[in-house]
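A look at the structure
Given next are the chains, with one letter for each unit.
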Amino acid sequence: MTAPRPPHPARKALGRLSLPERTYVADALRTETVGGVLLLLAAVTALIWANVPALRHSYEAVSHFSFGPGALGLDLSVAHWAADGVLAIFFFVAGIELKRELVAGDLRDPKAAVLPVVAALCGMAVPALVYTVTNLAGHGSTQGWAVPTATDIAFALAVLAVIGTSLPSALRAFLLTLAVVDDLFAILIIAVFFTDRLNFAALGGAFLGLAVFWLLLRKGVRGWYVYLPLAVVNWALMYNSGVHATIAGVAMGLMLRCTTREGEAHSPGERVEHLVRPLSAGFAVPLFALFSAGVVVSGRALGDLFTRPETLGVVLGLVLGKALGIFGGTWLTVRFTRASLSEDLAWPDVFAVSSLAGIGFTVSLLIGELAYDGDALLTDETKAAVLTGSLIAAICATVLLKIRNAKYRRLCAAEDRDDDLDGVPDVYEEDDPAYHLRMARILERRAAEHRRIAAERTAAADDGRAEVPGGAGDEGHRPA
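First things first, this report covers the structure right here in the doc. Within each chain, residues carry numbers counting from 1 in the order of the written sequence. Thresholds applied to this predicted model are a pLDDT of at least 70 for local features of residues and 80 or more for the giving and counting of side-chain atom pairs; totals over whole chains, interfaces and linings are not thresholded and use all residues. Hydrogens and waters are ignored; side-chain quantities use all the structure's heavy atoms.

With that settled, consider a nonpolar patch on the surface. The residues that make up patches have over 30% relative accessible area and no salt bridge, and they are joined within 9 Å when like-charged or within 5 Å when they are Val, Leu, Ile, Met, Phe, Trp or Tyr. For accessible areas, the Shrake-Rupley method is used with a probe of radius 1.4 Å. Any residue's cover is judged against the shown protein chains and nothing else. The salt bridge definition used is simple: a Lys or Arg side-chain nitrogen within 4 Å of an Asp or Glu carboxyl oxygen. Taken together, V34, V37, L38 and L41 make up a surface patch of nonpolar side chains, about 320 Å² in accessible area. Starting at the N terminus, helices and strands are each numbered in turn, a helix being any DSSP run of H or I of at least four residues and a strand any DSSP run of E of at least two. Tracing the sequence through the fold places L41 in helix 1 (residues 19-51).

Right, dumping it as structure tokens:
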């Protein structure tokens, strides 16, 4: 008779990351945090520039100033270049991130991928549902259903940086993976729902250019001077095809190899991402924000936000839909799988991060422009709704995270502790006998040092007593 097999331990949801994944997440989020602060500054600058009467005309003049080769269909305004051109860099990085997650990150393992994928899907479906119900009830337009579905990771991290809140690495990785999956579905939404007329000749040329790009990568051809001109051509062809031009950036990012081979410390995708991410976070996204967030704010416009169904749907979708969708998707995944929530975290932590995901800036603004193209007033009101909803979500998340901040600081300190000074956090070495031997030697040296100090202090105290003969005091040689 065979002995019964021991039960498999329950998989931890939002548990500790592996050391390589933790290092990657820390590096990626460090750049995104800096970019997020620049994004905040760009958004504030745009609002001031567009709302100060003496500056408003110059903002509109710069935004609508056109340049580019008209013969190629690329005589675009500055705002158009920022949205369709420069933002392709952001989507290129998003493509690389998605590829890396699929082949080397959390999404590689189907069991581990279930949680962020389900949470992200619910975090997009519920805001879209909230928006649709709000507009059906208020007899508004349902064209903007996709506006509140996006999460802006850079803006969310900027909020964390500004309010000084630490998040354990597992929650930060969860937020990053959510944003990556979110970007994937936002890309699909843009490609499927916001493509009106197709130019099949240009689309065929774009596919041919992407095939050449893939073939050169497959053959191992190197040199930015080869890929950069080809990338520009692919982008131009995609733009003229009628498909949103940023799709070209995503496609080229997905083609990069994100697995390492023998002799490689980093994959080509990781190297390119390391080079391009600062350009995306520090230039492309802030520039887009500068020429997209400049909406005129007035008392009447703010009143319309909460009375017009299109704008109210966006605000409710970001504030309520995102929080309830992501939290509900996470709870359902843990409830109906073998996973259990990490013992270091509680459900209020998940809800706080879900609220933070309601900050939907960059992609939400882009989808708002596409959804109401041709209706300038509703486009501006939708942008104002995105800004307002993101601000309310940020305030709610700030309050919830601040309540738990003392606990987060303790968790972060425990994650970062490196008592043996070998550059690897101690929590990753607790099962390694060599670590405990190193710690034993360190503690023995510390103990020896403390014994030496104790002996010196004792000797000094004995010498002090010997200098006072008979225990006499200092005043009149009376007994002490």
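Per the stated rule, a full pass over the model turns up 12 salt bridges. Put simply, D349 and R404 hold a salt bridge, and the shortest N to O gap is 2.8 Å. Of this pair, D349 sits in helix 13 (residues 347-356) while R404 sits in the loop between helix 15 (376-403) and helix 16 (405-416), and the two are 55 residues apart along the sequence. Two residues, E449 and R452, come together in a salt bridge whose shortest N-O distance is 2.4 Å.

The topology assignment puts L320 in helix 12 (residues 309-336). Put simply, L320 and G358 are 38 residues apart on the chain and 7.9 Å apart in space, counted from C-alpha to C-alpha.

Another aspect to go through is the side chain of S77. Along the chain, S77 falls in strand 3 (residues 76-77). Dropping the residues within four chain positions of it, S77 is found in contact with S63, H64, F65 and S66. Contacts are residue-level and defined by heavy atoms, with any inter-residue pair within 4.5 Å sufficient.

Attention now moves to helix 6 (residues 169-193). Multiplying 1.5 Å by the residue count of a helix minus one yields the expected span of that helix. Across its 25 residues, helix 6 extends 35 Å between first and last C-alpha, which sits within 8% of the 36 Å expected from 1.5 Å per residue. Between buried and exposed lies partly exposed: a residue is buried under 20% and exposed over 50% of the maximum accessible area for its type, with that area taken using a 1.4 Å probe on protein chains only. Judged by how many residues are buried, helix 6 sits mostly within the fold: 19 of 25 residues are covered.

Throughout, nonpolar core names a set of buried Ala, Val, Leu, Ile, Met, Phe, Trp, Tyr and Cys residues whose side chains join them through atoms within 4.5 Å. With 101 residues, the main nonpolar core has F91, L356, I359 and F361 as its most contacted residues. Discounting chain neighbours no more than four positions away, the residues touching F361 are L39, A43, D152, F155, A289, A293, V386, L387 and S390. If you look at the next biggest cluster of nonpolar residues, it comprises 8 residues, including L74, A88, A236 and Y239.

Mapped onto the elements of the fold, S141 is located in the loop between helix 4 (110-138) and helix 5 (153-163). At 3.2 Å, the side chain of S141 forms a polar contact with the backbone nitrogen of Q143. Beyond its immediate chain neighbours, meaning those up to four positions away, S141 contacts Y131, N135, E310 and Y372. For the purposes of these results, a polar contact is taken to be a pair of N or O atoms within 3.5 Å, where, inside protein, one atom must be able to donate a hydrogen and its partner to accept one; residues adjacent in sequence count only when each atom of the pair is a side-chain atom.

This next bit is on the packing of aromatic side chains. Ring geometry is summarised as follows: Phe, Tyr and Trp rings, the Trp one being its six-membered ring, pair when their centres sit within 6.5 Å, and such pairs are stacked at plane angles under 30 degrees, edge-to-face over 60 and tilted between the two. Enumeration according to the criterion identifies 13 aromatic pairs in this entry. Aromatic pair W49 and Y59: ring centres 5.0 Å apart, planes at 75 degrees, arrangement edge-to-face. Linking W49 in helix 1 with Y59 in helix 2 (residues 53-64), this pair joins segments that are 10 residues apart in sequence. With respect to burial, W49 and Y59 carry one shared label: buried.

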